[in-house]
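Residue-level structure breakdown
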Amino acid sequence: MITLNDYLYSGNTVLKILLQYSADLKEEAIESHSPIDLAHSNFLIQIIELLEHTDFLTSQSQRIKEFYLYMTQKYPFLAFTFKGRIKSLIRAEEKFNGYILEYIYDYHKKNGCYPSEAEIKNNLNFFRDLIAYRIVISLPICHVTDEESMEEQEMKYLYEIANVMPEFLEVRGFTPELSGFYADADSTLTENVRAYYRDYVKTPRPSGYRSLHITFYDNLARCYTEVQLRTKDMDDYAEIGEANHFGYEKSQEEHRSKRDIIPVGECKIFDEAYERLVLLQELDLAGIKVNMFKALNNQLINDGCGLFRGRQILPFEHLSRFQNDLIG
């Protein structure tokens, strides 16, 4: 069985690793008649396309930037950042194999048997966040009176921004996708946009993670992209707080529990996905030899190639224009 780990110690670039790994997976898939390995290879080709052909990102980022400029005029008193990234190779590989484990486990739990390869393959067509943008807002304390709650004021602006963004981007070539996420009728999201959002602000994840997520199909670039909206406190909690550590530990625990239920040898596809996932989770990043990547340990990392943290594509920052004046 081929794993991503086999390619991380040669000193190659991320793109070279992707090309070799996807080609070898395809060759192995043809030899073993494995539709899952072939789907895996094609998934990696999607990432290769993003890294090799970036012209479309110029157009996409420019249209996203128009919403940033709209916010600078509409909310000059807010501080906020726009960030964009292409999902890292390691995270994408983890997610692909994690989807396989989750689908097989849920299918077995419901039906008492294992899904066919065709059914598993069909479930691997739901990646919508290889490209993602994040909007993080912060209200300077000088704009909050003693009678007001900072959190309530920031939440008000967060939902205002969320309510206008789908229509704003739709006229610029983006089509919002239905989320399938149930929202209460009393949601702060307006009725015409509610069905597009996954509202993890009102309904946080078990880790305490909070954010608004929406997926768009970019009709000009012909690809999907996800946009996340958060306050600074939500972003801190997700990136450097308990949600970051809790989420990692919880995902490992969930994968181990699925392994306990499905014995080794009963489902080859599950076994291979689990092994690939465990190998990635046990990586000593300091031992990796990938061009433009350096780690002293698993916390101190300089990722200049998007191997572990993702490749940045859109950094914009807006500082409040009224840091010392209350808004009248």
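Now for a description of the structure that goes with this document. (Residues numbered from 1 in each chain as written. Predicted model: local features only at pLDDT ≥ 70, side-chain atom pairs only at ≥ 80, totals over all residues. Heavy atoms only, no water.)

Some details on the overall build of the protein chain
In plain terms, the rule: Secondary structure elements are taken from DSSP: a helix is a run of H or I of four residues or more, a strand is a run of E of two residues or more, and numbering for both begins at the N terminus. Just to be clear, the radius of gyration here is over C-alpha atoms, and the globule rule we use is 2.2 Å times residues to the power 0.38. Exposure categories follow from relative accessible area, calculated using a 1.4 Å probe and restricted to protein chains: below 20% of the type maximum is buried, above 50% is exposed, and the middle band is partly exposed. What makes two residues a contact is simply this: any of their non-hydrogen atoms within 4.5 Å. To be clear on the numbers: accessible area is Shrake-Rupley with a 1.4 Å probe, and residue cover counts the displayed protein chains and nothing else.
Along the backbone of the protein chain there are 10 helices and 10 strands. At 21 Å, the protein chain has a C-alpha radius of gyration in line with the 20 Å of a compact globule built from 328 residues. Considering only C-alpha atoms, the protein chain reaches an extent of 70 × 45 × 40 Å along its principal axes. Per-residue burial over the protein chain gives 49% buried out of 328 residues. Put simply, of all contacts in the protein chain between residues at least 6 apart along the chain, 68% involve residues at least 24 apart. Summing over all exposed atoms, the protein chain offers an accessible surface of approximately 16,800 Å²; the carbon and sulfur share of this is 50%.

Notes on helix H2 (residues 35-52)
Note the following rule: By definition here, a helix of n residues has an expected span of 1.5 Å times n minus one.
Taking 1.5 Å per residue, 18 residues should reach 26 Å; H2 reaches 25 Å between its end C-alpha atoms and fits that length. Within H2, the full set of buried residues consists of Ile36, Asp37, Ala39, His40, Ser41, Phe43, Leu44, Ile47, Ile48, Leu50 and Leu51.

Some points on helix H6 (residues 150-170)
This is how the line gets drawn: Here the bend at a residue is taken as the angle between two axes, fitted respectively to the seven residues that end there and the seven that start there.
The terminal C-alpha atoms of H6, which comprises 21 residues, lie 31 Å apart, in line with the 30 Å expected from a rise of 1.5 Å per residue. Taking the largest bend as the criterion, H6 deviates by roughly 35°, centred on valine 164, and proline proline 166 comes between one and four positions later.

Things to note about the packing of H2 against helix H4 (residues 89-111)
Rules: Between the N-to-C directions of two axes lies an angle of 0 to 180 degrees, each axis being a line fitted to C-alpha atoms and, for a helix, fitted only over the stretch in contact. Orientation labels follow simple angle bins: below 35 degrees gives roughly parallel, above 145 gives roughly antiparallel, 65 to 115 gives roughly perpendicular, and whatever is left gives oblique. Two helices that cross are described as forming a left-handed crossing if the nearer one is turned anticlockwise from the farther one by less than a right angle, and a right-handed crossing if clockwise.
Contact geometry of H2 with H4 gives a least axis separation of 11 Å together with a crossing angle of 150°. When the axis of H2 is compared with that of H4, the two are roughly antiparallel. Between H2 and H4 lies a crossing of right-handed hand. Residue-level contacts link Ile36, Ala39, His40, Phe43, Leu44 and Ile47 of H2 to Leu89, Ala92, Glu93, Phe96, Asn97 and Ile100 of H4.

Digging into empty space enclosed by the protein
Over the atoms, a rolling probe the size of a water molecule traces out where space has been left empty. To keep it simple, the criterion reads: Both site types are read off a 1 Å grid over the protein atoms alone. A 1.4 Å probe that fits but cannot get out defines a cavity, while an open set with protein on both sides within 12 Å along at least five of seven lines defines a pocket; lining residues have an atom within 4 Å of a point. Grid points are joined across faces, edges and corners, and a volume is the space filled by probe spheres set on the points. Classes in brief: Ala, Val, Leu, Ile, Met, Phe, Trp, Tyr, Cys and Pro nonpolar; Asp, Glu, Lys and Arg charged; the others, Gly included, polar.
A complete count under the given rule lists 2 cavities of 30 Å³ or more for this structure. Within this model, the largest cavity holds a volume of roughly 40 Å³. Around the largest cavity, the lining residues are Val14, Ile47, Leu51, Ile86, Lys87, Ser88, Leu89, Cys305, Gly306 and Arg311. Partitioning the lining of the largest cavity into residue classes produces 6 nonpolar, 2 polar and 2 charged. In terms of lining, the second largest cavity is formed by Ile64, Phe67, Phe82, Tyr133, Ile135, Met165, Leu169 and Val227. Of the residues in the lining of the second largest cavity, the class split is 8 nonpolar, no polar and no charged.

Without other data, these values stay purely geometric and don't point to any function.
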